[in-house]
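Each chain, written out:
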Amino acid sequence: MLVIGEKINGTLKSVARAILERDVAYIAKLAISQTEAGADFLDVNAGTPPDREPDDLAWLADVVQSVVDTPVCVDSTNPEAVAVVLPLLKKPGIVNSVNGAPGSLDGMLPLVRTHGCHVIALLMDDSGVPDSVVGRMEIASKIIRATREAGIEDEHIYFDPLVAPIATTPGAGRIFLEALRLLKQDFPGAKTVSGLSNISFGLPARWVVNRAFLALAAAGDMDAAIIDPLDRELVSVAMAARAVVGLDPYAREYLIAYRERLRGST
Ligand code: THG
């Protein structure tokens, strides 16, 4: 399972300050620490208004690339900002994200195609996130028709079924896991991804819920997770879950991660 490091996110106060003050050292440290912890990609989210976002995102990508080789996941729904950042990337990155709304698909897919990068596709559109699995799968079908028409390989798509808080939405976790299963069945070439934070919103000991959710999603062969890679036990739980259900024969990846001392608590 790919780990997309989430920590360079301007919606967090400390990162917002660093972006505003162009604090290179602060962002560099987040890039290095996440890379050393085993992140495969680094998510960068400026979290700033549309007029400032292109500049801020470009600055974040430049700082990250000046200190690590880890490819960047450009977290923005604004095609104008993404268009500025993609040409700066030294390695093909991930665009995070596109959704089923025509404005999003028309604005983003040509950029994804031109730069040969991967793209995270959220199973929502202008009407929001459908309550049902069927509704989300209809959006997935619509998105994959559009990506194929744009000349983007299925292998370059990461579907994010979007998980709602279980504290307020009965069935939220089950709906996510069912969508994950159907995505794998209907679009075997495409990949899957999730951010965890929503699932545990409004609950105590959120880390327990996040671990339970990641274990189940990893056991369902989710391909990538947007998480804090410095949370070694969270990453270990995902790798263990994969080994338990046979997705990691002989626990090979689990063992390698421990041997390298990148992941795990000991
Ligand atoms: N799907 C997709 N993209 C996403 C999300 C998603 N991008 C944004 C978000 N969700 C994932 N990123 C974050 C980034 C930071 C935090 C949560 C989600 C966060 N961090 C705190 C910190 O670092 O201080 C707390 C971390 C913790 O408690 O462990 O809150 O769902 N496609």
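Structure's up top.
On a predicted model such as this, the values are computed, not experimentally measured, just so you know.

S.K.: Please explain the sheet that holds strand β3 (residues 72-75) as it appears in this structure.
M.R.: Hydrogen bonding along the main chain pairs the strands of a sheet, whether they run parallel or antiparallel. A barrel is described by the order of its strands in space; here eight strands give the closed sequence β1-β2-β3-β4-β5-β6-β7-β8, paired in parallel fashion. Between one strand axis and the next, the sheet turns by 30 degrees as a mean value, whatever way the strands run. Direction of pairing for strand β1 (residues 2-9) relative to strand β2 (residues 41-45): parallel, over a ladder of four bridges. The partner of I4 across the bridge, within β2, is F41. Against the sheet, helix α6 (residues 133-149) touches β4 (94-99), β5 (118-122) and β6 (157-160), its axis set at about 160 degrees to β6.

S.K.: Teacher, can you tell me more about the packing of helix α2 (residues 24-36) against helix α3 (residues 53-67) here?
M.R.: The relative placement of two packed helices comes down to the angle between their axes together with the axis-to-axis distance. Running from N to C, α2 and α3 point in directions that differ by 60 degrees, and their axes come no closer than 9 Å. Of the possible angle classes, the one that applies to α2 and α3 is oblique. Handedness of the crossing formed by α2 with α3: right-handed. For the pair α2 and α3, contact is made by V24, I27, A28, A31 and I32 and by W59, L60, V63, V64 and V67, respectively. Looking at the contact of α2 with α3 residue by residue, the class counts come to ten nonpolar, no polar and no charged.

S.K.: How should I be thinking about the packing of aromatic side chains in this particular structure?
M.R.: Any pair of aromatic rings gets described here by the distance separating the centres and the angle formed by the planes. As enumerated under the stated definition, the model contains three aromatic pairs in all. Between F159 and F187, the aromatic rings sit 5.7 Å apart at their centres with planes inclined by 45 degrees, giving tilted as the arrangement. Of the two residues, F159 sits in strand β6 while F187 sits in the loop between α7 (172-186) and β7 (191-195), which places them 28 residues apart along the sequence. Assessed through its relative accessible area of 1%, F159 is described here as buried. Judged by its relative accessible area of 8%, F187 is buried. Positioned over the ring face of Y26 is R17, at 5.5 Å from the centre of the ring.

S.K.: Please explain the nonpolar core as it appears in this structure.
M.R.: Side chains of a nonpolar character, in soluble globular proteins, are inclined to be buried together. In terms of nonpolar packing, the biggest core is built from 52 residues, with I27, L60, V64 and F159 touching the most fellow members. The residues contacting F159, other than those within four sequence positions of it, are A121, L123, A140, I143, I144, L183, F187, A190, K191, T192 and V193. Counting residues in each nonpolar core, the second largest holds 21 residues, with L180, V209, A218 and A238 among its members.

S.K.: Sorry if this is basic, but what is going on with the pattern of salt bridges here?
M.R.: Side chains that carry opposite charge are capable of pairing whenever their charged atoms lie near each other. One pass over the structure, following the stated rule, counts eleven salt bridges. Its salt-bridge partner being D228, residue K7 comes within 3.2 Å of it at the nearest N-O pair. Here K7, found in strand β1, pairs with D228, found in the loop between β8 (224-227) and α9 (232-244); they are 221 residues apart in sequence, far enough to count as distant. Residue D228 is classed as buried on the basis of its relative accessible area of 19%. Salt-bridge contacts for R148 lead to D154; the nearest nitrogen and oxygen are separated by 2.6 Å. The exposure class assigned to D154 is buried, which follows from its relative accessible area of 14%.

S.K.: Is there a simple way to think about the packing of helix α5 (residues 102-115) against α6 in this case?
M.R.: Running from N to C, α5 and α6 cross one another at 30 degrees; their axes reach a closest spacing of 11 Å. It follows from the interaxial angle that α5 and α6 lie roughly parallel. α6 is crossed by α5, and the crossing has right-handed handedness. Side by side, α5 and α6 meet where P102, L105 and L109 of the first sit next to K142, I143, A146 and T147 of the second. Looking at the contact of α5 with α6, its residues break down into five nonpolar, one polar and one charged.

S.K.: Looking at this structure, how should I read the site of the ligand?
M.R.: In the vicinity of the ligand, the contacting residues are E6, K7, N9, L12, D75, N96, I120, L122, D160, G195, S197 and I226. Within the side chain of D75, a nitrogen or oxygen atom sits 2.9 Å from a nitrogen atom of the ligand. Within the contact set of the ligand, a nitrogen atom lies 2.7 Å away from a side-chain nitrogen or oxygen of D160. Compared with its free state, where it exposes 670 Å², the ligand has 61% of that area covered by protein. Among the secondary structure elements, those contributing two or more residues to the shell around the ligand are β1 and β5. Take the shell around the ligand: its biggest share by element is three residues, from β1. Considering only residue class, the shell around the ligand consists of four nonpolar, four polar and four charged.

About the thresholds
Residues numbered from 1 in each chain as written. Predicted model: local features only at pLDDT ≥ 70, side-chain atom pairs only at ≥ 80, totals over all residues. Heavy atoms only, no water. Pairing = 2+ DSSP bridges. Helix = DSSP H or I, 4+ residues; strand = E, 2+ residues; numbered from the N terminus. Axes fitted to C-alpha atoms, helices over the stretch in contact; angles between N-to-C directions. Contact = heavy atoms within 4.5 Å. Parallel < 35°, antiparallel > 145°, perpendicular 65-115°, else oblique. Left-handed = near helix turned anticlockwise from the far one by under 90°. Nonpolar A, V, L, I, M, F, W, Y, C, P; charged D, E, K, R; others polar. Phe/Tyr/Trp six-rings, centres within 6.5 Å; stacked < 30°, edge-to-face > 60°. Buried < 20%, exposed > 50% of the residue type's maximum accessible area, 1.4 Å probe, protein only. Lys NZ or Arg CZ within 6 Å of the ring centre and 35° of its normal. Core = buried A, V, L, I, M, F, W, Y, C linked by side-chain atoms within 4.5 Å. Salt bridge = Lys/Arg side-chain N within 4 Å of Asp/Glu carboxyl O. Near = heavy atom within 4 Å. Polar contact = N/O pair within 3.5 Å; in protein donor to acceptor, adjacent residues only side chain to side chain. Areas by Shrake-Rupley, 256 points an atom, 1.4 Å probe, with all protein chains shown as cover.

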